[in-house]
Amino acid sequence: MNFNLTEEHLMIQQAARDFAQNELLEGVIERDEKQIFPAEQIKKMGQLGFMGMMVDPKYGGSGLDTISYVIAMEEISKVDASASVVMSVNNSLVCWGLQEFGTEEQKLKYLPGLASGEIHGAFCLSEPEAGSDATSQKTTAIDMGDHYLVNGTKNWITNGNTASVYLVIAQTHAEKKHKGINALIMTKDMPGFSVGPKEQKMGIRGSDTHSLMFNDVKVPKENRIGEDGFGFKFAMKTLAGGRIGIAAQALGIASGAYELALKYSKERKAFGTEICNHQAIAFKLADMAVNIEAARHLCMKAAWDKDQHNNYDVSGAMAKLFASQVAMDTAVEAVQIHGGNGYVKEYHVERFMRDAKITQIYEGTSEIQKIVISRAVIAG
């Protein structure tokens, strides 16, 4: 085992940290409050290679490993989780899914723009009645010979209005249940495709979350990913990698909240000394540091498994389950350490607390992660 980051990994970490501090920090509170999508910042992330980190250079990507991606996600998420979720969806769900399972024509058509950040994508699985139960797809894609006719609604779609490429999961053969589901590449300019109002969210308020509606949308057969009926397997395989990205996001939220709490504890005085000198606060900091380090190791293990082409279903689920809990716990304690100041926007930690909660919900709730892990444990 080698726990040291390579020189390349350290350079990526520094580049992501510099970008987060110099480009994302300014205006992050206003973007959160007014629900402003960080369009310019996302474009710059693309120019730096953060939007297509694992995409092969022949398709315009950075050609980096998953560990590099986790490192960058943590640094971006330390400052702005709304920006990092755009990065996560584009890298983990859209680019990876297309590169791994798309045709050569699909890769050449969509990956260069997605990897460069000129455009970004959305992954469309959740529905009003199909969240954790992803098999219950009500969106239909009826086979019409040379095209599919798509009807239905998708909910909670990150990048819902700003994306250019949408990977949509829909049911073609209802009698086959999950084996009759397909994954289709769609674009917003297709007739019958409409976008609902922006969701008013508790956290990650700068990210662009909408419902999508499809009314007799014609999707060419060449836009199907994989063989007929591959859609559900595609969604599950893609989400398994996406969980590593969200685990890294949760890690970053926890790290950001911890760093602010540590800094504040060394500046704030009470009872004649800095509050970090009081055991009640010092022990909180110790617990936060231990849990963050444990979460980081789980994230790195999952990323390593993916890079080694090992099965990473369980390690990814473990990383997401634990890191999301650490994000929530750390953010709550960071607010507590800040006292009254922690409850106001100026000090950032109240935003971290709001942002942390979603990491326990999207790309598979904590309860779903426990199902994945428990099944593996019981099966041996």
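Residues numbered from 1 in each chain as written. Predicted model: local features only at pLDDT ≥ 70, side-chain atom pairs only at ≥ 80, totals over all residues. Heavy atoms only, no water.

1. Focus: the layout of surface pockets
Phase 1 of the analysis: Approximately 1400 Å³ is the volume found for the largest pocket.
Phase 2 of the analysis: Surrounding the largest pocket, 48 residues form its lining, L125, L239, R243, E363 and G364 being those nearest its centre.
Phase 3 of the analysis: For the lining of the largest pocket, the element with the highest residue contribution is helix α7 (residues 231-267), accounting for 7 residues.
Phase 4 of the analysis: Considered class by class, the residues forming the lining of the largest pocket number 25 nonpolar, 10 polar and 13 charged.
Phase 5 of the analysis: By volume, the second largest pocket is sized at about 560 Å³.
Phase 6 of the analysis: Along the lines of polarity and charge, the residues of the lining of the second largest pocket split into 6 nonpolar, 5 polar and 3 charged. (1 Å grid on protein atoms, 1.4 Å probe; cavity = no way out; pocket = protein on both sides within 12 Å on 5 of 7 lines; lining within 4 Å. Points joined across faces, edges and corners; volume = space filled by probe spheres on them. Helix = DSSP H or I, 4+ residues; strand = E, 2+ residues; numbered from the N terminus. Nonpolar A, V, L, I, M, F, W, Y, C, P; charged D, E, K, R; others polar.)

2. Concerning helix α4 (residues 66-77)
Along an α-helix, residues three or four apart share an orientation, since each turn contains 3.6 residues.
Phase 1 of the analysis: Look at α4: 16 Å from first C-alpha to last across 12 residues, which is about the 16 Å you get at 1.5 Å a residue.
Phase 2 of the analysis: Of all 12 residues in α4, 12 are buried, a share of seventy percent or more.
Phase 3 of the analysis: Taken residue by residue, α4 has T66, I67, S68, Y69, V70, I71, A72, M73, E74, E75, I76 and S77 as its buried positions. (Expected span 1.5 Å × (residues − 1). Buried < 20%, exposed > 50% of the residue type's maximum accessible area, 1.4 Å probe, protein only.)

3. Observations concerning the UniProt feature "domain: Acyl-CoA oxidase/dehydrogenase middle" (unreviewed entry) in the protein chain
Phase 1 of the analysis: In the numbering used here, UniProt assigns the "domain: Acyl-CoA oxidase/dehydrogenase middle" (unreviewed entry) feature to residues 122-217.
Phase 2 of the analysis: Secondary structure content for residues 122-217 is 0% helix and 49% strand, and the end C-alpha separation is 17 Å. (UniProt positions renumbered as here; feature names shortened; annotations may be inferred.)

4. Focus on the pairing of strand β4 (residues 165-171)
Phase 1 of the analysis: Counting buried positions along β4 gives 7 out of 7 residues, so the element sits mostly inside the fold.
Phase 2 of the analysis: When strand β1 (residues 121-124) meets β4, the two strands line up parallel, connected through 4 bridges. Bridge pairing links F123 to L167 in β4.
Phase 3 of the analysis: Where β4 lies against strand β5 (residues 181-186), 6 bridges are found, and the strand directions are antiparallel. Paired with Q171 across the strands is I181, a residue of β5. (Pairing = 2+ DSSP bridges.)

5. As for the pairing of strand β2 (residues 140-143)
Phase 1 of the analysis: As judged from the 4 bridges shared by β2 and strand β3 (residues 147-158), these two strands associate in the antiparallel manner. Of the residues in β3, the one forming a bridge with T140 is N151.
Phase 2 of the analysis: Two successive antiparallel strands, β2 and β3, enclose a turn made up of 3 residues, where G145 displays a positive phi of approximately 100°.

6. Examining helix α8 (residues 279-307)
Phase 1 of the analysis: With 29 residues, α8 ought to run about 42 Å at 1.5 Å a step, and its terminal C-alpha atoms sit 42 Å apart, in line with that.
Phase 2 of the analysis: On the buried face of α8, the contacting elements are α4, α5 (81-101), α7 and α9 (313-338).
Phase 3 of the analysis: One or two positions beyond α8, positive phi appears at H309, with a value near 60°. (Contact = heavy atoms within 4.5 Å.)

7. Side note on the state of the cysteines
Any covalent bond linking the sulfur atoms of two cysteines counts as a disulfide.
Phase 1 of the analysis: Under the definition given, this model contains 0 disulfides.
Phase 2 of the analysis: With no disulfide partner, C95 has as its closest neighbouring cysteine sulfur the one in C124, 14 Å distant. (Disulfide = S-S within 2.5 Å.)

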